[in-house]
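Each chain is listed here by its residues.
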Amino acid sequence: MKEVRVRFAPSPTGDLHIGGVRAALFNWLFAKNKGGKFILRIEDTDEARSTEASAQVILDAMKWLQLNWDEGPGNEFPKYAPYYQMKRKELGIYQKYSDELVERNLAYPCYCTPEEVDEMRKKAQANKLPPKYDGRCRRLAPEQRLQKEKEGKKPVIRFKTLESGATVLNDLIRGRIEFDNSLLDDFVIIKVSGTPTYNFACAIDDYLMEMTHVLRGDDHISNTPRQMQIYNALGWKSPEFAHMAMILGSDGARLSKRHGHTSVLEYRKEGYLQEALINYLALLGWSTQDSQQIFPIEELIWKFSTDRCRSSPSIFDPEKLLWLNGEKIRSKTVEQIYELFIDWLKYTDNEKIIDGWDREFLKKAIVLEHDKIKLLKDIPSLVDFFFVKDIVYNDDAVKKVLLSEKSKDTSKLVLTESAERLKNRQDFSADALEKYARDLAVEKEIKTGQVFHPIRVAISGRTQGPSLFHMMELMGKDEVIRRISAALAKFF
RNA sequence: GCUGCCAUCGUCUAGCGGCCUAGGACAUCGCCCUCUCAAGGCGGAGAUCACGGGUUCAAAUCCCGUUGGCAGCGCCA
């Protein structure tokens, strides 16, 4: 059995998008599942839009996602390197095969200008025909070619597509798809600049890099017959293809800015975990028979298969991603969350937020709020009141719990009593504190809530927060008394 | 316009001819737990399986057509 080799081949014209990650992920899972190799190749033949910076951003994003590549930039195998198409162009790789095709009369130079070609397509479309290049340079006599060359015209190279018959694709996900060859025009394989076009470079590289399978978005389905014809012309066997359905935005249109974040980096900045994004994306277009939702990455690997991929598109649901992120965080130990949080602070350049915070104390605070964390960025606002000297009292909380007509007398009583009585307590454990509070309620003949709530607001400034007594225990006796006294002084 | 792909709760999906009065998950609603907020547990509502025709004793499942959505039709990838 031949070793499975698959690739992710992004073009560095922007950030890594959700759709790109999904394509990368499915290839990565496929490779891991088959014990094969996952290759990263940069398709930077778009001379106008490709940038070095963008390539770097994509590499970084892949690293963050832990979609590690067995071969690619930074991990070059002499047999297949280089992994940037423009570097491969410099080596003359594409030119060589283009020359071969021209020599064998399977491709030809075309001197038509983009404007002329545009004109042909418009005309064809006006006649309700598929917009095609009409092939006029295909049968240029040698002397006519010479004439054009003399005029100083620089040609592109066009591939001679088959004029009749059909090209049949047996897609791993969709089954048999047949393309009528007469509908394909002679497409450009080498631009005037000498750079190969996508369809050519892709086919050549997939062959030279010995790809066994090509998993990609279904927006590439109609490119497939072109690439297959190139393989055939060169006498090569084409790889297996699998076209997965696209991911769409909430309105069913292609995922774009107005649907929220599209770049993975933005999700990272928000405090999503890479494994949540991975798990969520795996669920889009793939499923198990029992509709399992949560997968550790290892399980994703051994369960993944293309024949459980759906062929219908799916809509990206940010709410479910958020839920999944919470699930992943809840499944982590506090130590792990702490590490993730610190990494996130560094990444977002927010380390100053925790300036002066005691690290061990912070971990204990995280324990108390563990299952409330949905995003790493939630953590500061969840626990910051522990660390500030002068806490910020929420207006509504103060009005409702401390100063309302109904509550002000009992609140004042509870706080005054507590400031005094807690001083003498030896046992400041959560259990002991709870007993204290309940006893106080009984003694003063008030409801337990009338004891709990004022203390909560006094020491945290808010009505929401961790378990009251655990919060007190963690704060410690001195600080609790200090805060209660401060609240007393401020509001009563 | 041409070609192709797709079509099950709002969303992600299970379903490969009888187990479906269509199952799970997110979201939503209610109840329970409870010192608040969460988390968790339980339950509800939510899908004429896009529509119309076949085939069959039997169809969400197979076939044909229609409609709708999406994609491609570049010297972009």
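Above this note sits the structure.
Residues numbered from 1 in each chain as written. Chains lettered and ligands numbered in written order. Predicted model: local features only at pLDDT ≥ 70, side-chain atom pairs only at ≥ 80, totals over all residues. Heavy atoms only, no water.

On a plain count of helices and strands, chain A comes out with 21 helices and 11 strands. Relative to the compact-globule value of 23 Å for 492 residues, chain A shows a C-alpha radius of gyration of 32 Å, a clear excess of over 25%. The 492 residues of chain A split such that 50% are buried. Sequence separation of 24 or more characterises 74% of the internal contacts of chain A that already satisfy a separation of 6 or more. Put simply, chain A shows about 24200 Å² of open surface, and 50% of that area lies on carbon and sulfur atoms. A gap of 2 Å separates the mean positions of the 76 positive and 74 negative side-chain charges of chain A. (Helix = DSSP H or I, 4+ residues; strand = E, 2+ residues; numbered from the N terminus. Rg over C-alpha atoms; globule rule 2.2 N^0.38 Å. Buried < 20%, exposed > 50% of the residue type's maximum accessible area, 1.4 Å probe, protein only. Contact = heavy atoms within 4.5 Å. Areas by Shrake-Rupley, 256 points an atom, 1.4 Å probe, with all protein chains shown as cover. Lys, Arg positive; Asp, Glu negative; His and termini not counted. Charge placed at Lys NZ, Arg CZ, Asp CG, Glu CD.)

A separate point is the packing of aromatic side chains. For the structure on display, the rule yields 17 aromatic pairs. The interplanar angle of 70 degrees and the centroid separation of 5.3 Å between the aromatic rings of tyrosine 267 and tyrosine 272 together place this pair among those described as edge-to-face. A single burial state applies to tyrosine 267 and to tyrosine 272, both of which are buried. Pairing phenylalanine 452 with phenylalanine 469 gives two aromatic rings, centres 5.1 Å apart and planes at 80 degrees, and the pair type is edge-to-face. Residue phenylalanine 452 is found in helix H19 (residues 448-460), and its partner phenylalanine 469 is found in helix H20 (residues 468-475); the two are separated by 17 residues along the sequence. Assigned by exposure class, phenylalanine 452 and phenylalanine 469 land together as buried. A connected cluster of aromatic rings, assembled from ring pairs, spans Trp357, Phe361, Phe385, Phe386 and Phe387. (Phe/Tyr/Trp six-rings, centres within 6.5 Å; stacked < 30°, edge-to-face > 60°.)

Within the secondary structure, serine 54 sits in helix H2 (residues 52-64). The buried category is assigned to serine 54, whose relative accessible area is 7%. In this view, serine 54 contacts Pro12, Thr13 and Gly14; residues no more than four positions away in its chain are not counted.

Moving on, we get to helix H5 (residues 114-126). Here H5 contains 13 residues, and its C-alpha end-to-end distance of 18 Å stays within 8% of the 18 Å for a straight helix at 1.5 Å per residue. Taken together, the buried positions of H5 are Val117, Met120 and Ala124. All buried residues of H5 lie within an arc of 55 degrees about the axis, which places them on one face of the element. Exposed residues on H5 whose side chains face more than 90 degrees from its buried face are Pro114, Glu115, Lys122, Lys123, Gln125 and Ala126. (Expected span 1.5 Å × (residues − 1). Arc of directions from axis to C-beta.)

Another aspect to go through is the pattern of salt bridges. By the definition in use, this model includes 36 salt bridges. Between glutamate 270 and lysine 377 there is a salt bridge whose closest N-O contact spans 2.9 Å. With glutamate 270 in helix H9 (residues 264-270) and lysine 377 in the loop between helix H14 (359-369) and helix H15 (379-383), the pair connects residues that are 107 residues apart, well separated along the chain. Here the salt bridges share partners, and the residues they tie into one network are Arg7, Arg41, Glu43 and Asp206. (Salt bridge = Lys/Arg side-chain N within 4 Å of Asp/Glu carboxyl O.)

Near RNA strand B, the surroundings consist of 65 residues, among which Arg174, Lys191, Gly285, Lys372 and Arg438 are the closest. For RNA strand B, the backbone portion of the atoms within 4 Å of the protein, that is sugar and phosphate, comes to 72%. Separating a base nitrogen of RNA strand B from a backbone N or O atom of cysteine 112 is a distance of 3.1 Å. Between serine 222 and RNA strand B, the recorded distance is 2.6 Å, taken from a side-chain N or O atom to a sugar or linking oxygen. Broken down by secondary-structure element, the contributors of at least two residues to the surface near RNA strand B are H5, strand E4 (156-159), strand E11 (314-315), helix H12 (318-330), H19 and H20. Residues belonging to the surface near RNA strand B are distributed by class as follows: 20 nonpolar, 23 polar and 22 charged. (Near = heavy atom within 4 Å. Polar contact = N/O pair within 3.5 Å; in protein donor to acceptor, adjacent residues only side chain to side chain. Nonpolar A, V, L, I, M, F, W, Y, C, P; charged D, E, K, R; others polar.)

What follows deals with the state of the cysteines. Simply put, disulfide is the name for a covalent bond between the sulfur atoms of two cysteines. A full pass over the atoms with the stated rule returns zero disulfides. Looking at the unpaired cysteine 110, the closest cysteine sulfur is the one in cysteine 137, lying at 3.8 Å. Sulfur of cysteine 202: no disulfide; nearest cysteine sulfur belongs to cysteine 309 and is 19 Å away. (Disulfide = S-S within 2.5 Å.)

With an omega of -5 degrees, the peptide bond between alanine 81 and proline 82 qualifies as cis. If you trace the backbone, proline 82 turns up in the loop between H2 and helix H3 (85-90). Positive phi, close to 55 degrees, is recorded for serine 291, a residue that is not glycine. Within the secondary structure layout, serine 291 lies in the loop between helix H10 (274-282) and helix H11 (297-303). The residue aspartate 349 is not glycine, and still its phi comes out positive at about 60 degrees. Looking at the element boundaries, aspartate 349 is found in the loop between helix H13 (334-347) and H14. For aspartate 349, a relative accessible area of 59% corresponds to the exposed category.

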